[in-house]
Amino acid sequence: MFGNPIYFDLRRSLTAHRGKLLFGAGTGTPVHAAAFIRQRTVVLETGLLSEAERLRLVLIHEVFHFVWVRLNNCQRRDFADLLIDEMRGRARGEMGESSGLKKQLVQDRASLGLSSRLWRDYVCESFCDSAAALYSGVAANEHFTLAERWAKRRYQWLLRIGEQGWKC
Ligand SMILES: [Zn+2]
């Protein structure tokens, strides 16, 4: 992995509320982490420090948000095509919590086109979760619900595209 430094900021009681990240405010939905691409900063919730596996998954996931914006359009479209193939093959499940939630939303609104914001968000989260699953060394997790044959196709794709390293 190569690129400019990424800064990590640890905060207690992280929540998302009306599109904003709050610290210790007591309102909003609890979140583990958030990536701020332009500021090159990842904010992590301190509770993660006591959960080694989850910390690895979340940390790699967030760093891959920086990788995603460095991929070229062709690579991003290629990954999206993998997901379209999965949907045509009626693949259920995902490789993480964020992508699992987005996939549910995408499927609930099947009328949405592939150019919708929701679809693009899903593809990005799926990319980050798949990379986290592959590189974290975590073999099993409650949120790894995608069948192995589909997961393997994603890993092969990631290993091929990331062969020369990932730019972040
Ligand atoms: Zn994410």
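Residues numbered from 1 in each chain as written. Predicted model: local features only at pLDDT ≥ 70, side-chain atom pairs only at ≥ 80, totals over all residues. Heavy atoms only, no water.

## Let's talk about the coordination of the zinc ion
Then comes step 1: Distances from the zinc ion to its protein donors, H61 (NE2), H65 (NE2), E125 (OE) and E125 (OE), fall at 2.0 to 2.8 Å.
Then comes step 2: Note that the zinc ion binds four donor atoms; their angles at the metal cover 51 to 136°, and the shape is irregular.
Then comes step 3: Spacing between the donor residues of the zinc ion along their common chain follows H-x3-H-x59-E. Of this pair, H65 sits in helix α1 (residues 52–68) while E125 is found in helix α4 (residues 117–136), placing the two residues 60 residues apart along the sequence. When sorted by exposure, H65 lands in the same class as E125, which is buried. (Donors = N, O, S within 2.8 Å, 3.2 Å for Na, K, Ca; no water. Tetrahedral: all angles 85-135°; square planar, octahedral: opposite > 155°, others 65-115°. Helix = DSSP H or I, 4+ residues; strand = E, 2+ residues; numbered from the N terminus. Buried < 20%, exposed > 50% of the residue type's maximum accessible area, 1.4 Å probe, protein only.)

## Quick word on the sheet that holds strand β3 (residues 20–23)
Then comes step 1: Pairing is antiparallel in the open sheet, where three strands are placed in the order β3-β2-β4. Strand pairing shows two members of the sheet lacking a second neighbour, β3 and β4 (29–30), which therefore form its edges.
Then comes step 2: Bridge count for strand β2 (residues 14–17) against β4 is two bridges, and the pairing is antiparallel. Across the sheet, A16 pairs through a bridge with T29, a residue of β4. (Pairing = 2+ DSSP bridges.)

## Things to note about the packing of α1 against α4
Then comes step 1: The contact between α1 and α4 brings their axes to 8 Å, and the two run at 130°. Relative to α4, the element α1 is oriented oblique. For the element pair α1 and α4, the recorded crossing hand is right-handed. Here α1 contributes R56, L57, I60, H61, F64, H65, V67 and W68 to the contact with α4, which in turn contributes V123, C124, E125, F127, C128, D129, A131, A132, A133, Y135 and S136.
Then comes step 2: Tallied by class, residues from the contact of α1 with α4 come to 13 nonpolar, three polar and three charged. (Axes fitted to C-alpha atoms, helices over the stretch in contact; angles between N-to-C directions. Parallel < 35°, antiparallel > 145°, perpendicular 65-115°, else oblique. Left-handed = near helix turned anticlockwise from the far one by under 90°. Contact = heavy atoms within 4.5 Å. Nonpolar A, V, L, I, M, F, W, Y, C, P; charged D, E, K, R; others polar.)

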